[in-house]
Amino acid sequence: MSAEAADREAATSSRPCTPPQTSWFEFLLEEQLLEQHLRKPSPDPPPVQLIVQFLEQASKPSVNEQNQVQPPPDNKRNRILKLLALKVAAHLKWDLDVLEKSLSVPVLNMLLNELLCISKVPPGTKHVDVDLSSIPPTTAMAILLYNRWAIRTIVKSSFPVKQVKPGPPQLNVMNQMQQEKELTENILKVLKEQAADSILVLEGALKLNKDLYVHTIRTLDLLAMEPGMVNGETESSTAGLKISAEEIQCQVCYDLGAIYFQQGATNAALHENAKEKFFKTRELIARIGSSSLHCTIDEGRLAGYCQACGVLTSSDDDASQQATPYNQIDSCLKTGNYQDLVKIFLEDNLALSLPVQLRQSVQRELFQNALQGNDALDEVCFKICVCNTVRDILQGEIIDVQFCLLFLKPNKEKIDFLLEVCSRSINLENASESLKRKMASFLKNLCLGLEDLQLVFMISSHDLFIKLLKDDERKLLIDEMRKRSPRINLCTKPVTSFYDIPASASVNIGQLEHQLILSVDPWRIRQILIELHGMTSERQFWTVSNKWEVPNVYGNVILGIKDNLTRDLVYILMAKGLHCSAIKDFVHAKQLFAACLELVTEFSPKLRQVMLNEMLLLDIYTHEAGPGINGERPPSDLISRVRGYLEMRVPDIPLRQVIAEECVAFLLNWRENEYLTMQVPLPLVQTNPYVKLGQLLAATCKELPGPKESRRTAKDLWEVVVQICSVSNQHKRGNDGRVSLIKHRESTLGIMYRSELLSFIKKLREPLVLTTILSLFVKLHNVREDIVNDITAEYISIWPSSIPNLQSVDFEAVAVTVKELVNYALTVNSNNHFWLIIQADIYFATNQYSAALHYYLQAGAICSDFFNKMVPPDVFTDQVIKRMIKCCSLLNCHTQVAILCQFLREVDYKTAFKALQEQNSHDAMDSYYEYIWDVTILEYLTYLHHKRGETDKRQIAIKAIGQTELNASNPEEVLQLAAQRRKKKFLQAMAKLYF
């Protein structure tokens with residue numbers, strides 16, 4: 001008896017638990033109204049329940065006259081019942097996801113065996129011996145469905161199943177459940193014996209590069225007719241529901257990948273096969289789209305499989321992956337290799353292998369990144385858009401809106417690239433007339449859309465244009481352009497100045513105001529204002545643009561100037577200079593400020609000092625954005641000017657607070673601690689809060705290497721920050737006479753608001769200063785009474801351990817500030833492992849364990865060359881390791897917990913053994929055994945698997961413990977080297993999971 005026959009015989013004794021409902025069942029059976037019932041929006045009973053009922057009735061055993069139980073008779077009624085069950089499955093389009101979810105293994109086994117029978121698969125024939133290419137498409141599809149289900153059932157049986165809480169014991173129900181359980185186990189046993197054959201059948205299906213068809217209700221009706229009435233229609237290649245070759249390959253690849261992945265637990269080489277199948281599935285999904293009607297793949301589970309395969313397999317040999325265009329595109333996007341990306345798109349314009357959806361998706365991603373401020377992507381976006389547009393043109397699609405927007409201002413470079421793409425996207429020797437006409441029409445319409453005849457001449461003189469358009473067509477095009485745009489001249493003479501154009505006074509004023517808004521040339525601005533004031537004396541031209549903004553402290557002085565022209569000129573020069581400085585156009589900002597300084601020097605010493613102050617701020621910005629980025633110290637002249645500004649005592653000068661803030665930050669960033677500590681005048685410290693804060697920071701940083709008792713300034717800085725973070729309590733009597741307590745978040749008790757302090761800190765870049773202020777806020781966060789998990793930081797011991805009035809501190813604001821400061825610090829230096837540990841501790845304290853592991857591992861990777869060297873013990877302290885252990889435990893990664901227990905100075909066997917006893921682990925479990933070097937843990941694993949009867953896992957543990965380098969008789973250096981090598985591999989594997 002064949003395996004399929006054995007399955008069929010086992011399924012005939014199945015007993016689904018749902019009792020029959022005679023009324024609707026007999027109605028559908030006798031009146032043949034099944035199709036009408038299935039077309040209802042919400043049929044009751046649902047289709048899947050119908051399958052169960054039909055097969056239950058068809059499999060009922062009969063009783064003869066001697067009261068002996070006989071197999072179900074093969075009569076007309078039972079054949080109709082089986083046919084109705086097949087029709088319901090056909091209505092569901094044979095979707096295995098739907099069928100597996102609602103049908104038990106015995107019922108689905110019986111259904112698919114009936115499909116094999118009706119599809120004329122000989123009962124005694126092994127599927128592996130059948131040539132799928134030589135049999136009817138519906139027969140081949142039935143074999144594929146059965147073997148796909150067999151593989152999926154084997155894989156599903158290996159997953160842990162949550163035990164259902166049993167209800168009140170009922171003898172008949174328990175007997176029925178036990179009977180179904182035994183039947184399922186028997187079928188699974190047969191399926192596992194056939195697994196090798198099923199895999200061969202599916203591998204063979206991947207070579208079958210043709211569309212197949214699956215039975216529909218109509219084809220099943222035809223099969224049920226008398227043989228003489230069918231006329232061979234069901235044997236043809238077009239009968240049934242068409243499933244494309246790509247959809248079949250996608251489903252088969254996914255199912256093969258799943259079985260290979262499952263078998264990889266005992267044969268690691270199979271993980272390579274699984275990886276190949278899953279990556280092929282992902283490629284096919286990208287090609288056919290995720291909205292396919294007949295190919296439903298759980299993309300989330302597929303992504304998890306791909307990630308797991310990437311960890312379990314070697315990453316040295318990625319040539320096969322890089323060979324596919326999809327992986328090449330992904331690699332180009334990740335590495336920023338946009339030149340090769342454009343080359344891929346350009347070559348595909350001729351090959352037409354990439355799906356249009358993928359190309360459009362890449363274009364959208366690039367445009368989105370460019371909109372977020374990445375100006376370097378503008379040229380790449382243009383080139384990708386041109387490649388996609390030319391391909392769309394050749395495919396008969398409309399021109400993309402993005403292309404039209406990019407060509408609003410065409411230039412020679414854009415036209416050159418466009419012509420190159422057009423030339424390389426069509427092979428004139430082999431191209432059809434239709435393609436040639438599409439390309440010619442595109443180039444012709446492009447010329448009609450251009451106003452510059454020089455650009456038109458570039459296109460019309462190109463070889464491609466000459467070959468595609470005849471002489472008379474080109475001549476007509478030029479004539480049409482001359483008629484359409486008579487104002488355009490072919491010569492290169494510049495456009496006549498607007499001064500020579502006869503126009504009304506209002507038009508001239510409007511044009512001059514427009515030029516005034518756009519110009520950043522001080523001389524040109526002066527000339528325009530002189531002309532405008534000559535035309536009218538009633539307008540205030542500093543109000544022309546609402547974008548011209550001058551700080552209020554300056555505006556009152558400037559608007560007090562009596563001469564209208566001078567007032568407009570000073571206001572506009574300063575507003576434009578401040579705007580250029582804000583957008584980092586420092587060259588134009590300096591020109592505008594210099595012109596303004598020259599102008600105000602003649603009549604206002606007060607405004608002269610204002611401009612000198614603004615030019616100092618501009619020079620600070622210029623240095624910090626230029627040479628300062630590379631660590632080049634500022635010139636001594638600039639440092640002297642900064643000191644001079646802080647010590648300035650000129651009365652009645654309007655001052656902007658931001659200048660003092662930037663000056664103090666500038667001195668701290670360039671380690672002018674001696675000046676801030678010893679030489680700043682005392683009145684300045686008492687009157688300027690930023691100078692006071694800078695002095696305390698400088699003094700604290702200066703004393704950090706010194707003895708603990710000399711850190712008086714640390715206590716002073718602590719008190720200042722605590723006061724800033726304190727809330728002012730105010731009592732208010734309500735309408736009901738009760739007194740309520742009001743807390744003001746932004747307290748005026750300190751020398752500045754918390755938001756101002758945070759803004760000032762975000763101007764600092766010196767690592768020692770940032771570490772100091774960060775450790776202060778971390779300590780302030782830890783002082784809280786209800787804190788559960790402390791955050792660690794450098795120099796945390798220099799701060800006081802308590803606060804006299806805890807209730808006055810706004811600890812919620814402190815927690816928010818700590819998070820913002822760490823995020824900012826990591827933008828200054830993302831490789832500072834101490835800051836990364838603080839970030840990890842924050843995530844740990846807020847129960848974000850996966851993110852915490854990410855930053856703990858990143859801190860270790862940075863200071864150990866991605867774990868190729870030993871992680872310093874001051875980075876992976878026992879506290880950090882214990883927190884990593886807790887993270888893994890709460891993520892149900894218990895094998896990782898056991899391995900990390902070895903990293904402690906004293907191995908925590910109790911925690912390790914407890915973790916290994918957990919059977920519901922979400923990590924790779926026995927695949928991690930090779931990273932264990934502690935023999936005691938390996939011996940416990942061997943005992944544990946032996947006790948559970950897990951022979952395969954026990955063998956893996958025995959293999960790990962049997963390695964010679966773990967022999968206790970080895971020298972200590974050998975044992976340490978073995979441990980270090982396993983630490984390295986384990987941490988690298990962990991990094992791949994959490995990075």
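Residues numbered from 1 in each chain as written. Predicted model: local features only at pLDDT ≥ 70, side-chain atom pairs only at ≥ 80, totals over all residues. Heavy atoms only, no water.

Details of the overall build of the chain
Part 1 of the reasoning: On a plain count of helices and strands, the chain comes out with 48 helices and 6 strands.
Part 2 of the reasoning: Look at the contacts in the chain between residues 6 or more apart in sequence, and 68% of them connect residues 24 or more apart.
Part 3 of the reasoning: As displayed, the chain has an accessible area near 51500 Å², and 52% of this comes from carbon and sulfur atoms. (Helix = DSSP H or I, 4+ residues; strand = E, 2+ residues; numbered from the N terminus. Contact = heavy atoms within 4.5 Å. Areas by Shrake-Rupley, 256 points an atom, 1.4 Å probe, with all protein chains shown as cover.)

Thoughts on helix 4 (residues 47-58)
Think of an α-helix as turning once every 3.6 residues; residues three or four places apart then point the same way.
Part 1 of the reasoning: Over its 12 residues, helix 4 runs 17 Å from end to end, which matches the ideal 16 Å to within 8%, given 1.5 Å per residue.
Part 2 of the reasoning: In terms of burial, helix 4 is largely enclosed, as 11 of its 12 residues are buried.
Part 3 of the reasoning: Those residues of helix 4 that fall on the buried side of the exposure criterion are Pro-47, Val-48, Leu-50, Ile-51, Val-52, Gln-53, Phe-54, Leu-55, Glu-56, Gln-57 and Ala-58. (Expected span 1.5 Å × (residues − 1). Buried < 20%, exposed > 50% of the residue type's maximum accessible area, 1.4 Å probe, protein only.)

Quick word on the packing of aromatic side chains
Part 1 of the reasoning: Applying the stated criterion across every chain yields a total of 21 aromatic pairs.
Part 2 of the reasoning: Taken together through their ring pairs, the aromatic side chains of Phe-903, Tyr-928, Tyr-931, Trp-933 and Phe-986 make up a single cluster.
Part 3 of the reasoning: Over the ring of Phe-382 we find Lys-414, and its NZ or CZ is 5.6 Å from the ring centre.
Part 4 of the reasoning: A cation sits over an aromatic face here: Lys-983 above Phe-903, 5.3 Å from the ring centre. (Phe/Tyr/Trp six-rings, centres within 6.5 Å; stacked < 30°, edge-to-face > 60°. Lys NZ or Arg CZ within 6 Å of the ring centre and 35° of its normal.)

Looking at the pattern of salt bridges
Part 1 of the reasoning: Throughout the structure, instances matching the rule amount to 33 salt bridges.
Part 2 of the reasoning: For Asp-255, the salt bridge identified is with Arg-152, shortest N-O distance 3.4 Å. Pair noted here: Asp-255 is in helix 12 (residues 245-263) and Arg-152 is in helix 8 (residues 137-157), with a separation of 103 residues, a long-range link. For the pair Asp-255 and Arg-152, a shared accessibility class is recorded, and that class is buried.
Part 3 of the reasoning: The partner of Glu-420 in a salt bridge is Arg-424, with the nearest N and O atoms 3.3 Å apart. (Salt bridge = Lys/Arg side-chain N within 4 Å of Asp/Glu carboxyl O.)

So, a nonpolar patch on the surface
Part 1 of the reasoning: A contiguous nonpolar surface patch, about 330 Å² in accessible area, is contributed by Val-401, Leu-405 and Leu-408.
Part 2 of the reasoning: With respect to the helices and strands, Val-401 occurs in helix 20 (residues 401-406). (Patch = residues over 30% accessible without salt bridge, like charges linked within 9 Å, V, L, I, M, F, W, Y side chains within 5 Å.)

Comments concerning the packing of helix 21 (residues 412-424) against helix 22 (residues 433-448)
Part 1 of the reasoning: Remark: helix 21 packs on helix 22, axes separated minimally by 12 Å, with the N-to-C direction vectors making an angle of 170 degrees. Classified by the angle between their axes, helix 21 and helix 22 sit roughly antiparallel to one another. Mapping the contact onto sequence places Leu-418, Leu-419 and Cys-422 in helix 21 and Met-439, Phe-442, Leu-443 and Leu-446 in helix 22.
Part 2 of the reasoning: Each residue belonging to the contact of helix 21 with helix 22 can be placed in one class, and the counts come to 7 nonpolar, no polar and no charged. (Axes fitted to C-alpha atoms, helices over the stretch in contact; angles between N-to-C directions. Parallel < 35°, antiparallel > 145°, perpendicular 65-115°, else oblique. Nonpolar A, V, L, I, M, F, W, Y, C, P; charged D, E, K, R; others polar.)

Structural notes on unusual backbone geometry
Part 1 of the reasoning: One non-glycine residue, Leu-352, lies in the positive phi region at around 55 degrees.
Part 2 of the reasoning: Position of Leu-352 relative to the elements: it lies in the loop between helix 17 (338-351) and helix 18 (356-371).
Part 3 of the reasoning: Of note in the backbone geometry, Arg-671 takes a positive phi value of approximately 55 degrees without being a glycine.
Part 4 of the reasoning: By the element assignment, Arg-671 lies in the loop between helix 33 (657-669) and helix 34 (673-679).

A short note on the confidence of the model for the chain
Atomic detail in the predicted coordinates should be set aside for any region of low pLDDT.
Part 1 of the reasoning: Per-residue pLDDT for the chain averages 80, and the proportion of residues at 70 or more is 83%.
Part 2 of the reasoning: Of the regions scoring below 50 in pLDDT, residues 226-237 engages in 15 contacts with residues more than four places distant in sequence or in other chains.
Part 3 of the reasoning: Note that pLDDT drops below 50 for residues 485-504; the model gives that stretch 16 contacts with residues more than four away or on any other chain. (pLDDT = per-residue confidence, 0-100.)

As for the environment of Ala-303
Part 1 of the reasoning: Note that Ala-303 resides in helix 14 (residues 299-312).
Part 2 of the reasoning: Its relative accessible area of 45% is what places Ala-303 among the partly exposed residues.
Part 3 of the reasoning: Linking Ala-303 and Phe-278, residues 25 residues apart in sequence, is a C-alpha distance of 8.7 Å.

Concerning the packing of helix 36 (residues 689-703) against helix 37 (residues 712-724)
Part 1 of the reasoning: One can describe the packing of helix 36 onto helix 37 by two numbers: an axis separation of 8 Å at closest approach and a directional angle of 145 degrees. When you trace helix 36 past helix 37, the crossing you get is left-handed. Contact residues: Lys-692, Leu-693, Leu-696, Leu-697, Ala-699, Thr-700 and Glu-703 in helix 36; Arg-712, Thr-713, Ala-714, Asp-716, Leu-717 and Val-720 in helix 37.
Part 2 of the reasoning: Considered class by class, the residues forming the contact of helix 36 with helix 37 number 7 nonpolar, 2 polar and 4 charged. (Left-handed = near helix turned anticlockwise from the far one by under 90°.)

Describing helix 8
Part 1 of the reasoning: If you check helix 8, its first and last C-alpha atoms are 30 Å apart, about what 21 residues at 1.5 Å a residue would give, namely 30 Å.
Part 2 of the reasoning: Among the 21 residues of helix 8, 19 are classified as buried, and the element is accordingly described as predominantly covered.

A word on the environment of Tyr-855
Part 1 of the reasoning: Turning to its location among the elements, Tyr-855 is positioned in helix 42 (residues 849-862).
Part 2 of the reasoning: The buried category is assigned to Tyr-855, whose relative accessible area is 19%.
Part 3 of the reasoning: Sequence separation between Tyr-855 and His-833 is 22 residues, and the spatial gap between their C-alpha atoms is 8.9 Å.
Part 4 of the reasoning: With near-sequence residues (within four places) excluded, Tyr-855 lies in contact with Leu-826, Leu-836, Gln-839, Ala-840 and Tyr-843.

Observations concerning the state of the cysteines
By definition, a disulfide links the sulfur atoms of two cysteine residues through a covalent bond.
Part 1 of the reasoning: Under the definition given, this model contains 0 disulfides.
Part 2 of the reasoning: The thiol of Cys-893 is not disulfide-bonded; the next cysteine sulfur, from Cys-888, is found 5.8 Å away.
Part 3 of the reasoning: The buried category is assigned to Cys-893, whose relative accessible area is 7%. (Disulfide = S-S within 2.5 Å.)

Considering the side chain of His-533
Part 1 of the reasoning: On the secondary structure map, His-533 appears in helix 27 (residues 522-535).
Part 2 of the reasoning: Judged by relative accessible area, which is 18%, His-533 ranks as buried.
Part 3 of the reasoning: Those residues in contact with His-533 that sit more than four places away from it in its chain are Phe-541, Asn-564, Leu-565 and Asp-568.

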